[in-house]
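The residues making up each chain are set out below.
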Amino acid sequence: MTPAQLSDAVLAAARAVLTDENIDTAILPGVTSVERPRNPDHGDYASTLALQLSKKAGKPARELAGKIAVQLRRMSGIQDVDIAGPGFLNIRLDAGATGALVHDVVQQGAAYGRGTAMAGQKVNLEFVSANPTGPIHLAHTRWAAVGDALHRIFVAAGAEVASEHYINDAGSQLDRFGRSLLAAARGEPTPEGGYAGEYIQDVAEAVVKDNPGVLDQEDPLAIFRAEGERLMLDEMRTSLERFGVHFDVWFSERTLHESGAVEHALDELRAHGHVFEADGAVWLRTTDFSDDRDRVLIRGNGEKTYFAADAAYYVNKRERGFDKCFYLLGADHHGYVNRLRALAACAGDDPDFNVEVLIGQMVTLLRGGVPVRLSKRAGTIITLDELVDAVGVDAARYSLARSSTDSPLTLDIEVITRQANDNPVYYVQYAHARIASLLRNAADLGVARKVDYDPALLSHEREADLIKALGEFPSIVATAAELREPHRIARYLEELAGTYHRFYDACRVLPQGDEPATDLTNARLWLVEAARIVFANGLALLGVSAPERM
RNA sequence: GCGCUCGUAGCUCAGUGGAUAGAGCAGAGGACUUCUAAUCCUAAGGUCGCAGGUUCGAAUCCUGCCGGGCGCACCA
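**With respect to the sheet that holds strand E7 (residues 275–278)**
- Reading across the sheet, the three strands line up as E7-E8-E9 and stay open at both edges, with antiparallel pairing between neighbours. The outermost strands of the open sheet, each flanked by one partner alone, are E7 and strand E9 (295–298). Between one strand and the next, the sheet's axes are offset by a mean angle of 45°, whatever the strand orientation.
- Here E7 pairs with strand E8 (residues 281–284) via four bridges, running antiparallel. Paired with Val275 across the bridge in E8 is Leu284.

**Notes on the pattern of salt bridges**
- Counted by the stated rule, this structure contains 35 salt bridges.
- Across the pair Glu529 and Arg532 runs a salt bridge whose closest N-O atoms are separated by 3.1 Å. With a gap of three residues between them, Glu529 and Arg532 both fall in helix H21 (residues 519–542), about one helical turn apart.
- Its relative accessible area of 13% is what places Glu529 among the buried residues.
- Among the residues examined, Arg532 registers a relative accessible area of 22% and is labelled partly exposed.
- In this structure, a network of salt bridges that share partners links the residues Glu21, Lys59, Glu63 and Lys67.

**Details of the side chain of Asn537**
- Topologically, Asn537 is positioned in helix H21.
- From its side chain, Asn537 meets the backbone oxygen of Gly109 in a polar contact 3.0 Å long.
- Setting aside its immediate chain neighbours within four residues, Asn537 contacts Gly109, Ala110, Ala111, Tyr112 and Phe473.

**Considerations on the environment of Ala497**
- If you trace the backbone, Ala497 turns up in helix H20 (residues 487–506).
- Along the backbone, Ala497 and Asn22 are 475 residues apart, and their C-alpha atoms lie at a distance of 47 Å.
- Setting aside residues no more than four positions away along its own chain, Ala497 makes contact with Tyr427, Val428, Ala431 and Phe535.

**Regarding the domain arrangement of chain A**
- Each domain of chain A was delimited in the assignment, giving domain 1 (3–93), domain 2 (172–232) and domain 3 (420–541).
- Each of domain 1 and domain 2 was reduced to a C-alpha centroid, and the two centroids are 69 Å apart.

**With respect to the packing of helix H7 (residues 172–185) against helix H9 (residues 220–242)**
- Interhelical geometry of H7 versus H9 gives an angle of 105° and a closest axis separation of 8 Å. What the angle tells us is that H7 and H9 run roughly perpendicular. The residues of H9 that touch H7, namely those facing Leu174, Asp175, Phe177, Gly178, Arg179, Leu181, Leu182 and Ala185, are Pro220, Leu221, Phe224, Arg225, Gly228, Glu229 and Met232.

Parameters at a glance
- Residues numbered from 1 in each chain as written.
- Chains lettered and ligands numbered in written order.
- Predicted model: local features only at pLDDT ≥ 70, side-chain atom pairs only at ≥ 80, totals over all residues.
- Heavy atoms only, no water.
- Pairing = 2+ DSSP bridges.
- Helix = DSSP H or I, 4+ residues; strand = E, 2+ residues; numbered from the N terminus.
- Axes fitted to C-alpha atoms, helices over the stretch in contact; angles between N-to-C directions.
- Salt bridge = Lys/Arg side-chain N within 4 Å of Asp/Glu carboxyl O.
- Buried < 20%, exposed > 50% of the residue type's maximum accessible area, 1.4 Å probe, protein only.
- Polar contact = N/O pair within 3.5 Å; in protein donor to acceptor, adjacent residues only side chain to side chain.
- Contact = heavy atoms within 4.5 Å.
- Domains from an automatic or database assignment.
- Parallel < 35°, antiparallel > 145°, perpendicular 65-115°, else oblique.

Here it is in structure tokens:
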């Protein structure tokens, strides 16, 4: 029996009780859930439904719980139901009902964990969006790992998802970048406000190599700017792909200006009546929608602002059919939240539905316990490539994805490079590798999983723990999608790994010596295969590999 | 000053109103002739920043305060 099936059973039992008592069943929630109590004395699953209904029903919670329990005890698969504390329902399943869940997992295979909570939603995920004036560095990396995991989780929840990387290639930063490259190629010092760092020299040399005689041309700056951007974008794309992060769309800000999309967006906003002129500039009255000040779209000198391009990009996304536009931003950009939401409202949309801005707290980098100040212009950056070189893709992605983006993260370069084995990712991956090894041994012994198994044989406490843990996976995925929190997958996998290792420690799977394979061997092979599937599916959602050997 | 955000074990962090607040790492002790010991077991470690409030029940929700981070452009 799956947790979802049991939850439905609890709801049905409560409905029957309310009907008997002549209480309006409208007080029932649409769905309820059962939780897995930490304390084994509290049963396999627990429900708080009686506590929730008590006030609305006008009955003591314990009395309601007692009546619900009577109903539940009649159902097959339920061994016993206790009432505890103020009105908890503590439910115990029989071994057969618990063990039957293994079959579901194996049968669904790679699809186990997928759901339909976001079915029909067309989602746009914009993240990283690093300026093409330098390599991808650590400040971008958190959302690279988490955003890509979110992409995978949303897909698992049934959404249609496109990930996009916005390229800020229309402003003055690229001019500064181009001037810095030109200066480097000429052996001159970094210009005022320009970019420093070794990569500038490398890119400058690459431009010269690809464009012989460029320094003698009439407008070398234009070539350095354009070629530098091209090389930088290639490098960013390569770094991200190596990190396992693929963007469906790389969207150029410049094309918004060139295609007339900005003008088009201004027309849209004007049509909704939120555009006005003042002090020689054109403004969007975002204060109509709880922004703390209005925003300039066209400056007094006639130039469109960055915000105007933002507006055009948003309108463009909506016109491409995306219902939900996600912006995954760093905490240093949290001031954008209100204006992005107000922008959507000014375009006639519902900011509570069409826009979602997720703020990731800063990653503080330590080296030997001392904070490292990251500055692209000063050249003191840690790049994504350097991080991957040091710890590998799996450890890097996992350590960034395993904690909530709400909490500031501190990474010590020395610790993550020196003590890579401390990373919990290895604990999880090892569980998968152990299973893979066991299954190889089974094949060598000629012990194959049969077409079916007897679920009642999986009655050991460690087996029951493992099965119940496997049964939680779909709701973990659904919750991770609903709350936009990929770290829940990682934390779940760590718990599951512990549960698996304890099972492995207590329960021998394969026959030893001359012993024959038994029905228990077969049942445990089913269980082990189910565990392998969940580890593989869970790690895949995080973009982390599930190794066959370690 | 205004706004956003964070504060949980020595460290890094979990904990979408539920029962005795957890994990990993570090440190102490134990378990390998046995399917991978990158594992398992035991013990130790806490004023959930502080103070009120809401209620059957608060680390979680509300208010205030303290402390850290970040943001408040006709920059991008």
